[in-house]
Structures are given as structure tokens and as C-alpha cells.
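Working through the structure, step by step
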Amino acid sequence: MTKTYDAVIVGAGHNGLVCAAYLARAGREVLVLERREIVGGCAATEEFAPGFRCPATFPSVETFDPEITRELQLESHGLRLLAQGGVLVPRFDGEALYLPPPNGTGARAEGIPDSDAEALNEFDVFLRRLAAAFHSILSKPLPDLKPSGLGDLLEILGTGWPLRKLGARDLRETMRFLPMPIADVLDERFETDALKAAIGAGGITGSWLGPRSPGSALNLLLHRLGGCRGAVGYPRLAAGGSGALTEALRKAAEAAGATVRTDVEVTDITVVKGRATGVALGSGEEIQAAVVISNADPRTTLLDLVEPIHLDPSVVLAIRGIRSRGSVAIVKLALDRAPRFSGAPEDPAGRIQIGAHLDELEQAFDDTKYGRLGERPYLDIQIPSIADPSLAPDGKHVLSAWVQFPPYDLRDRGWEGAKDDLAAIVEKRIEDHAPGFSESILAREVASPVDLEERYGMTGGCLYHVEPALDQFLYLRPMPRWAGYQMPIEGLYLCGSGTHGGGGLTGLAGRNAARRVLATK
Amino acid sequence: MAKSYDAVIIGAGHNGLACAAYLGRAGRSVLVVERRPMVGGATVTEEIYPGFKYSVCSYVVSLLRPQVISELDLPRHGLEILPLDGTLTPLPDGDYIMRWHDSSETRRELERHSKADADAYGQFGTLLYHLAHAVRPILGATPPDPTSLRPGQVKRLIEIGRQFGKSREHLYDLAKLMTMSSADFVEAWFETEGLRATLSASGIIGTFLGPRSPGSAYVMLHHYMGEIDGQFRAWGFPRGGMSGVAEAFAGAARAAGAEIRTEAPVAEILIRDGRARGLVLEDGEEIAARTVISSVDPKLTFERLTAPEHLDADFREQVARYKIRGSSGKVNLALDALPELACLKTSKSWTGYPPEAHLAGGISISPSIDYLEQAYDDAKYGRFSRRPYMDIIIPSLIDPSMAPPGKHVMSIFVQYAPYQLAEGTWEDQREAFGDAVIDTLAQYVPNLKDIILHRQVVTPWDLEQRFGLTQGNIIYRELSLEQLFFLRPAAGWAEYRTPIDSLYMCGSATHPGGGVMAAPGRLAAKRILADQG
Ligand SMILES: Cc1cc2nc3c(=O)[nH]c(=O)nc-3n(C[C@H](O)[C@H](O)[C@H](O)COP(=O)(O)OP(=O)(O)OC[C@H]3O[C@@H](n4cnc5c(N)ncnc54)[C@H](O)[C@@H]3O)c2cc1C
Ligand SMILES: Cc1cc2nc3c(=O)[nH]c(=O)nc-3n(C[C@H](O)[C@H](O)[C@H](O)COP(=O)(O)OP(=O)(O)OC[C@H]3O[C@@H](n4cnc5c(N)ncnc54)[C@H](O)[C@@H]3O)c2cc1C
């Protein structure tokens, strides 16, 4: 009676769905199980006030890998990408730096000296080349580090080849760039503070790093891999929000024959004689599968879903050593009208970054180091309803603020009472640059790092599952010795953001994991 | 013109002297020219207040290569290293943590704070020991250029790979240690805050990093390296202060036939047809030499002592962005009596040692990781730390000749003191900085202010003015990840050679880096001898 799937995937986040789609397209019988009532994980689009819908965390989808979009024919499954938006950085003097999207209209950044405009072009080219080289490394599973034969050795060399192809000079620049603090990189190249902040913000996004922390340059690069983009994080929305992307992924997976079930919580990964054989659900139902692939973060997967007796103590220690300190809160606002930012062009359909100086971003990071709720967090704001009116009732708007760095561990006080304070801080910070904005607020939703942990099941509220950092990258992601998707239990794989290729909305981890599973059989 | 030398060396710091000794022993005629009236550079003892001898800059040795000590026969030239025993961390609550040379005593003491930490301590040391062994082959050899495909380079890269391969079980630990922060590293091991902080502090010394900055864990290992060659935790104090080291090197150099001229500041390196031919001193005197070797930092060498037309633009740019921001200062005190630490009075002594014995090693003002990190935050924004990290020794307890009977000298290494202040200059901030140090320390040493006879405050600006350390950087470069190993001092030019024929580098900016270790001087000499057949 019991049916055995080729693969069961725990969690229908974007990576779980990507993984399912690739496995199904290869003819595998796949079942995806999602705890929540909707798919997409933290990339879903959710209604947070009657008539107001907003992406859960990342409003825009420009980081998602275009190759995967093509291969899975997501556009035929309903994905429609909107035009690229610009980046606005309001300054405290009432002026703003506006970087218009590079869409061929010839518009260029205003208010920066020629030398900076030139430096921006140069850095853009450098970063694109670097992104292309790293994209090819991150879009494949890493070869095994114990070269057992000539074939493996060639594979390792092949993985490094995209870097060698950069040429000696660029390779040197790359080796210098990766471990650097992004602030040092930018101080060398640019003069304008707001421009440095505009670019540097990409180096701290989603991380536990300030712009002066070594490794923040790497983090910037990781945010530019999808589509091999350059220096500035021009946003690109999908009609319907990021949830439209995950819906398209679900359809692509289903069209290829995968089954997706929502509202089912996996409570256990069944292990028999050291091998994963399936999962048990909250309802008591048991499902059998040849392999179990988890889209949940490594800690949840291995410490919560697997009985501890199946793991070697040294593995448990390594898992405990993974750093996943959440440092992001999400504030969503329902607005009566779109805010007007001082110094902004009409309708800035794009990204508004509040934090116009690298020191300001660094100070925001200082707060998280000491577990404080800072007064001046960095805000990455989008108003997706400007480009996509379907997200809000007629004439009204939704604003999503990615707030970096409220700490998961708020020292000396819990998050309960602190959420109102956070909302007030965020609203004041927007009001400072968009006078009169506060009066337009109709409803709000604040998700603290603790809420994000509870809602999306990610340890520490860390949206990237495993903090992006030099020591949790490549062969060290999610943990040393286990960077190959296959976990210490036979037949158990990870496919989420915490693995190689993961971190952010890219889909690469899901595709890599699928390839690894397919190659193993 | 006068005599021409086989080699002339700029700077009589210990590296310049070591290089001179090795070249002299190989039969080369060598001249060392030094700007200051005495040899030693940053390894120097000066009697600034009568009867009291300050080790003005560096104050302990442990990184000094045993190989160099024996090859150059330094003990015969007067080098004697006296052991320093233990590290005392006074805590704000009146207690303290003491780690002794004797591991069973340390264990008893740590157990007082945490049983788990006492258990973990030994394993932690073992891990660092193994990791240090894995890194050492790299430290001892001339670094290859991984971006080069020349056969020699590839071969060396493979050799290094093989060395790493041998310690494969440590490969991952090493990769992590190279890239993580010292705070993350020690927090995974220990729970006692003062212990965590004191251990992680060795990850920030001489850097522009905080204990939470990725990369600081490697610096910890770098400082630990000195301990693996000789005796366990064999760090010590040279008799007579740091000049004891410099004099021994100078003796070895002279014995090998090298000449040393002090008060002979170099104005320019003579270069003709792309080749170094000698030096011009500030008074106009020219000295001809077949090889010129600079022991000073690359910025000084290439931006001040070399005329720009001899260097291509790409190289000049690399030198210009070479990071060398100083972050440390020093306060040296002449004391009328022995300082009394509050923690040694109020808390019961758990060991058989008298209170004074706790002071005969290092004293670390590092009560918590947050404390250190906050000290770093100040520096990030261009201020000296209002509550600084301090690494203190009382040399007169180890070598009584450093001060008159019954009196003492105290050496306080202070971090952070950023070279670039956001406001004001170091000349008008110097005493305020000194006050911040004394005020902070007085919280742990109540009688401190009453016993100070004289104080010398050394800021990064002073280090630059007096010792020629560009931006006051104590180890000539920042120990930051991108400047480690391969990319030093400028990418493509890491092998003691420079873009100018016959011009070499031998100072702390070259592999394997800063500290009183003499490895750069030795390896540079070997490189030169190999190049010249
Ligand atoms: C405050 C401080 C504390 C330190 N503490 C320690 C410690 O406890 N332990 C440790 O291991 N290391 C310590 N260090 C680091 C260590 O002292 C140095 O890394 C080491 O002494 C450098 O030796 P060197 O020979 O490479 O250069 P230096 O000692 O700097 O020698 C360079 C020499 O060149 C001379 N010079 C400069 N310009 C000219 C010119 N134009 N013409 C001629 N001569 C010139 C200088 O006067 C100097 O004598 C400390 C450094 C400082 C500053
Ligand atoms: C430029 C400069 C360079 C310096 N260089 C050095 C240096 O090279 N070395 C140095 O010590 N100080 C050096 N100092 C002084 C240094 O700052 C500290 O004063 C001193 O090192 C403090 O001790 P620590 O934190 O290194 O811990 P230490 O006590 O020196 O560390 C000892 C290590 O041994 C391990 N250990 C202890 N017991 C055992 C056991 N039973 N089995 C196995 N392992 C064990 C511990 O876990 C610990 O990691 C330098 C200072 C300056 C300014």
C-alpha cells in the first residue's frame, strides 16, 4: 500500500521548489511538503492588511538566477518581470542621490563628480566580471576535496578555472577584494559618501557584518551573482511580488510531475540503519522516499528533525558552530498614498536606501553587536505597489522596509514590547526624509527576527539560514566537511540557502542540490 | 668616491642587522646605515628618566626564531632571555584570572571560574599547537605567487598544498581559523568572559581589527606561533630590555664583518638604468653598492626614498593603497614603588604564590569581549579608546637592573590609538590619551597615580616621527586577510625582490611579517644570496 517516492522535499521555499522542478524534469517522482498554507517560504507574497499584499521579505527578485528562469520556463508559468527600478539615497541635508536604472535612456547619476562617475563605471565592469566568474563556481556543486584520482583533480582545477580566466591582474584584484571590508574597497575608489553608502549597503545586507568588517566585500559580490550584475543593486519586481515567482516555480514543478502539499508539517526525518528513509508528519502520517531533501536550515534539519542518536557528536558540534544570528526585521506598511522623498524624482519606483554614509551603516551594525535596538538602522525600502498596483486597493500603496540591524537577541528585554518601538523608529526615520509620510499610514505589520524565526522556521531568524561570511563560504558552508549537500546521514540532503550557492533569492542552491542528487544515483 | 660595498642596508632594526649578519657570514662586504644615534629601531631600550630604562616600543620576545638565535650564535653576543611567567587578567568585579606557566596551576585557577573551561583549556592549546604547525611551513618559506603559472611558482604552490594535505584533518579548522573572528573562535570554546577576552585580545594586537572582525582569529595564531618552537609559552624579556636583542644582532653582524653607521639618514636610493647602485645620505654623501636592501616599510621605501620615475604607475598605485594604518600606542612609566592591584588584595590567593608573583608576567586589561570591541569602535570613528585594551609588563620585576632598587618601570602597550584622528592632532591629544590610559588603569591599581615619577606617552604619530614607522604601524602593515601571505607587500612583488634590479626588502613588511622574529631579515639574505649565485 505504501508508496515510495524517489524524493521527498521538506519545505517549499524557493530552493525546495527549484530542486523539485529539476528532479521532476529528470523523471523523478517528487513530493514537496510545506508546513505553511502557502508555498514560497520567506519569498511568498502575503496579505498583511485587508486588500494590501506584500512580499514577505525580499520585495524584488533581481537576484534570482535568469538561467533557472529560462530552463524552467517560468515565464510560461506566469512569471512576469517588471522594469528595473532606480536607487534613491536620501541625505540628511534634504538632497538625495538618485541612481537611475541603466535602461538605455542615457540618464546618469546626478550630483556626483565626474571622477566618481568614471570610478562607478570601472567598478561596475570589475564586479560584473567577478560575478560571472563566481557565478560559474556557485552554480555547480563543489568537487570533493579529497582528490582520489586524476578525474577529481581535473574537476577541482576546472572549478577554479573561471577565476584563472580572469587573467593575472584581475585575479590578484579578486584575491585582494574578497576578504576586504567593503568600506576600504569603496574608500579607495570613490569620494561621494552617499554613493559609497549606496553600493556598500549591498555588503551588509542579510549579514552580521558592518561595512568595516572583512568579508563584507564578498557579501556584496554574492548579492550580485544572479544575472551577474554590477555595483548598484537596481531592483526588479515581479508582477504580483516575489510570491509570483514562487507560484511560477510551483507550477513548473507540478507541470513536470511533482506533487506539492501545503499545510503539512514534517516532524521527523525517519532514519533506519543510518539511512534516511522518509518523513513523519504531524498528523502521524508516514511517507517513504529514497532520499530526503531538506529546504529547512541545517540546524533545524539536523538537530530538530533528526533524532540525535543518528549523529556523531563531532557533527553535532559542527552544527552548533554554525552562526545564524538574525539581524533583520521586516516592517510592512499600508499607506493611503505614496510617500514623497525629499530630493527624489517623481515616483521612485525602485529602492530607497536610508543610510547615506558608511559610518551610519557601521553604527547601525554596532548596535547589533551589543544587542541594542538602534535609533538609526539601515533601511532598504521598496514600494512595490507603484510598479504593480494590484498589490493594494486603488490609489493606495504598500511599503516594505528591510530593517538592518535589529538583533535577534535583544539584550535586557524581550522582543514583545520592542516591536512598537521598532515601528516608531522606522517610521521616524522615513518621516525625516519624507515629511508628512506618517499621516498616510493605515496599517502596519512588524516582523522581528524572532517572528521571522517562528513564521518561516529559520534558526535565529537568519534569512540566509547560515550567515554570509568568509568562514561560512564555499567548502565551509554550511559547515566544514559537509559542503556537498549530502549530510552525514546517507540519503539526507540539504537544498536551502545555508548550502553552497545559497544565501538570498537565487535558486542556485536548489538546482545544485538536485544535480548532486541526480549524480549520486 | 670611497669604497663600494657588496650590500648596503637601510635601517639598523633587528631585521636589517640580521640580514647584514647573514650576508657578512657569506663573505659579502656589508654596510648598515641607521638614521638614529643607536641601533635597534623598534627593539630599543632608552633611559629617558634617569635611572629608569624603558623598552620604548616592543617589550617582549617570543616570535624570535630559535633557528636565528643558534645560527647567529646570539647568546655569545650577549642575548639572554628571561622568562615571563603567566598572564593576569584583573576583572572589574574585583576578582582576577591568572594563567601560569605551570599548566596544573592554571587548571586549578580556571576551575575556580569554570570547570568546563579548565577542561577545554588544554585541548584548545593542543589545537592551536597543531594549527600553528600546519601554518609554519608557509611561514618559513618564501611565499609563491598563486596567480603565476611559472613552473617554479606552481611547484612551490603544490608543495604548500602537500604540506596542508599532510594535516588534512586540520585543513578545515585552519580554513575556518583563517577567516573567522577571534571572538567567535574563543566563544565556541570557553564560557568565562575574562578568559575569552584575554585570549581573543591576541587577535587584535597591531591590527586595525576588533575581536569581532573576521580575520582576527588568524592574528591570534600568528602570535601563538612564537610559542611552538621553543618551550611552551616561552615568551620572555631580554636582559637589559629590548636593546639586549638589538645589541646581540649588531654584535653578530660586526663579527661577520659588517659595518654599522648610526646617525646616517638615507635621503634617496641611487638608481640608474633601472638598477640600484647605492645610496645618498641626507648630508649628500653617496655610498656605492652592488645591492641595496631596505628594512624600512614599503611606503617609506617607494614613496620617499625612490624617485617616482623609476617605478611604473601600476606599482605605485599598489604601494599607495597598501594598508598600514597604525592603531597602537605605548605608555612607559617610572614608578616609585610596586603597583598594588586591587584584585590581588581583595580576592583570596588560591595558589601558593605570593601576590607579587602574579605581576611577574603579563597583565592584561581585557575584562570582556564587548570591552575590547568598544575600544575598537572608538578607533573606527577616529578616536583613541576611552577605555583601552592594555598589555602590561613590569620589566623591573624580571630584570632588576631596569630601575633603581625598590623602584619600578612599567610598560603599557595600548590599543587603540588610530593614527588618523577625526579631530585634532596627536601633538595636542597626546597627554589626553596618556590620561585615558592612566585613569583606566587606576581603576585596577588604586595606588597608581601616587607612585608615578615620570611617564612617556608614545602615540602612533611619535612612532612615525621618531622611529620612521609609516603611520605608526607597529608591524609595518596591517595583518589583514588581503595582505597575508601572497599579496605582500604589493601583489606580484612578494619575494623580497622589488621592481628595481638589485633593490631588495628585508623588514617587517615582508614575509613572514612583523614582530621581533628576524625571519624576514634571514629569508631576504637567503634570497639575495641565491639570486646572486
Ligand atoms: C609600540 C610597539 C610595541 C611592540 N611590541 C612588540 C612586542 O612586544 N613583541 C614583538 O615581537 N614585537 C613588537 N613590536 C613589533 C616589533 O618591534 C617590530 O615588528 C620590529 O621591531 C621591526 O623590526 P625591523 O627591523 O623590521 O624594523 P625597525 O625596527 O623599525 O627598523 C627600521 C630602522 O630603520 C631606521 N630608518 C628609518 N628611516 C631611515 C632612513 N631614512 N635612513 C636610515 N635609517 C632609517 C629606523 O630608525 C629603524 O631603526 C612592537 C612595535 C611597536 C612599535
Ligand atoms: C607586537 C606584539 C607581539 C607579541 N607577540 C607575542 C607572542 O608572540 N607571544 C606571546 O605570548 N605574547 C606576545 N605578545 C604579548 C601578548 O600581547 C600577551 O601579553 C600575551 O601573549 C597574553 O597571553 P595570550 O593571550 O597570548 O595567552 P597565552 O597564555 O600566552 O596563551 C597560551 C596558549 O596556550 C594554551 N595552553 C595553556 N595551557 C595549555 C596546556 N596545558 N596544554 C596545551 N595548551 C595550553 C592556551 O590555551 C593558550 O592559547 C606580543 C605583544 C605585542 C605588542
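Residues numbered from 1 in each chain as written. Chains lettered and ligands numbered in written order. Predicted model: local features only at pLDDT ≥ 70, side-chain atom pairs only at ≥ 80, totals over all residues. Heavy atoms only, no water.

The next subject is the overall build of chain A. Helix and strand content of chain A: 15 helices and 18 strands. The globule rule puts the C-alpha radius of gyration for 521 residues at 24 Å, and the 22 Å found for chain A is close to it. With respect to the principal axes defined by its C-alpha atoms, chain A has extents near 70 × 55 × 50 Å. By residue count, 64% of the 521 residues in chain A fall in the buried class. In chain A, of all internal contacts separated by at least 6 residues, the share reaching a separation of at least 24 is 74%. (Helix = DSSP H or I, 4+ residues; strand = E, 2+ residues; numbered from the N terminus. Rg over C-alpha atoms; globule rule 2.2 N^0.38 Å. Buried < 20%, exposed > 50% of the residue type's maximum accessible area, 1.4 Å probe, protein only. Contact = heavy atoms within 4.5 Å.)

Bringing the pairing of strand β1 (residues 4-10) of chain B into the picture now. Residues and elements named next belong to chain B. Counting buried residues in β1 gives five out of seven residues, a clear majority hidden from the surface. Strand direction decides the pairing type here: β1 and strand β12 (residues 286-294), joined by six bridges, are parallel. Within the sheet, the bridge partner assigned to Val8 lies in β12 and is Val292. Two strands pair when backbone bridges link them, and β1 and strand β2 (residues 30-33) are joined in this way by four bridges, in the parallel orientation. By the bridge assignment, Ala7 is partnered in β2 with Val30. The β-α-β motif built from β1, the intervening helix α1 (residues 14-25) and the parallel element β2 has right-handed crossover chirality. (Pairing = 2+ DSSP bridges. Right-handed = clockwise from strand over helix to strand, strands pointing away.)

Moving on: the domain arrangement of chain A. Residues and elements named next belong to chain A. Each domain of chain A was delimited in the assignment, giving domain 1 (4-80 + 241-321 + 459-519), domain 2 (119-222) and domain 3 (328-456). On a C-alpha basis, the centroid separation for the pair domain 1 and domain 3 is 28 Å. With 25 residues of domain 1 at the contact, the number on the domain 3 side is 29 residues. In this assembly, domain 1 packs against domain 3 so that about 2,100 Å² is buried in total across both faces, 63% of it on carbon and sulfur atoms. One can count three salt bridges joining domain 1 with domain 3. Among the ionic pairs, Arg455 bridges to Glu46, the shortest N-O distance being 3.9 Å. Counting every contact that joins domain 1 to domain 3 gives six residue pairs in polar contact (both at pLDDT 80 or more). Put simply, the parts of the chain that give the side of domain 1 that touches domain 3 at least two residues each are β3 (45-49) and β4 (52-55). Per-class residue counts for the side of domain 1 that touches domain 3 are 11 nonpolar, nine polar and five charged. (Domains from an automatic or database assignment. Buried area = accessible area lost by both parts, 1.4 Å probe. Salt bridge = Lys/Arg side-chain N within 4 Å of Asp/Glu carboxyl O. Polar contact = N/O pair within 3.5 Å; in protein donor to acceptor, adjacent residues only side chain to side chain. Nonpolar A, V, L, I, M, F, W, Y, C, P; charged D, E, K, R; others polar.)

Take the site of ligand 1 next. Residues and elements named next belong to chain B. Lining the immediate environment of ligand 1, one finds 33 residues, of which Asn15, Glu34, Val60, Tyr476 and Val516 sit closest. Separating a nitrogen atom of ligand 1 from a backbone N or O atom of Val266 is a distance of 2.9 Å. At a separation of 3.0 Å, an oxygen atom of ligand 1 approaches a polar side-chain atom of Ser508. Coverage of ligand 1 by the protein amounts to 96% of the 1,000 Å² it exposes when considered alone. When residues of the shell around ligand 1 are traced back to their parent elements, those giving at least two are α1 and α19 (460-467). Of the residues that constitute the shell around ligand 1, the class distribution is 17 nonpolar, 13 polar and three charged. (Near = heavy atom within 4 Å. Areas by Shrake-Rupley, 256 points an atom, 1.4 Å probe, with all protein chains shown as cover.)

Residue and element names in this part refer to chain A. A sheet is described by the order of its strands in space; here seven strands give the open sequence β7-β6-β14-β15-β16-β13-β17, paired in mixed fashion. Whereas interior strands pair on both sides, the edge strands pair on one side only; in this sheet they are β7 (96-99) and β17 (441-447). When strand polarity is set aside, the average angle formed by the axes of neighbouring strands in this sheet is 20 degrees. Both strand β15 (residues 378-382) and strand β16 (residues 397-404) contribute to a ladder of five bridges, which runs antiparallel. Considered in β16, the bridge of Asp380 is made with Trp402. Packed on one face of the sheet, helix α13 (residues 418-433) meets β6 (86-90), β13 (328-335), β14 (350-354), β15, β16 and β17 and runs near 125 degrees to β17. (Axes fitted to C-alpha atoms, helices over the stretch in contact; angles between N-to-C directions.)

Residues and elements named next belong to chain B. In the vicinity of ligand 2 there are 26 residues, among which Ser62, Arg99, Tyr121, Ile205 and Asp391 approach most closely. Arg99 has a polar side-chain atom sitting 2.7 Å from an oxygen atom of ligand 2. At 3.3 Å from an oxygen atom of ligand 2 is found a main-chain nitrogen or oxygen belonging to Thr198. Considering ligand 2 on its own, with 940 Å² of exposed area, one finds that the protein chains cover 88% of that surface. Within the residue set of the shell around ligand 2, elements represented by two or more residues are α4 (115-140), α8 (193-201) and α9 (216-224). The greatest single-element share of the shell around ligand 2, amounting to six residues, is contributed by α4.

Residues and elements named next belong to chain B. Pairing in this open sheet of seven strands is mixed, and the strands run β7-β6-β14-β15-β16-β13-β17 from one edge to the other. Both outer strands of the open sheet, β7 (96-99) and β17 (452-458), are each paired with one neighbouring strand and no more. When the angles between neighbouring strand axes are averaged without regard to direction, this sheet yields 20 degrees. When strand β6 (residues 87-90) meets strand β14 (residues 362-365), the two strands line up parallel, connected through two bridges. Along β14, the bridge assignment pairs Thr87 with Gly362. Sheet strands in contact with α19 are β13 (328-335) and β17, and its direction is about 80 degrees off that of β17.

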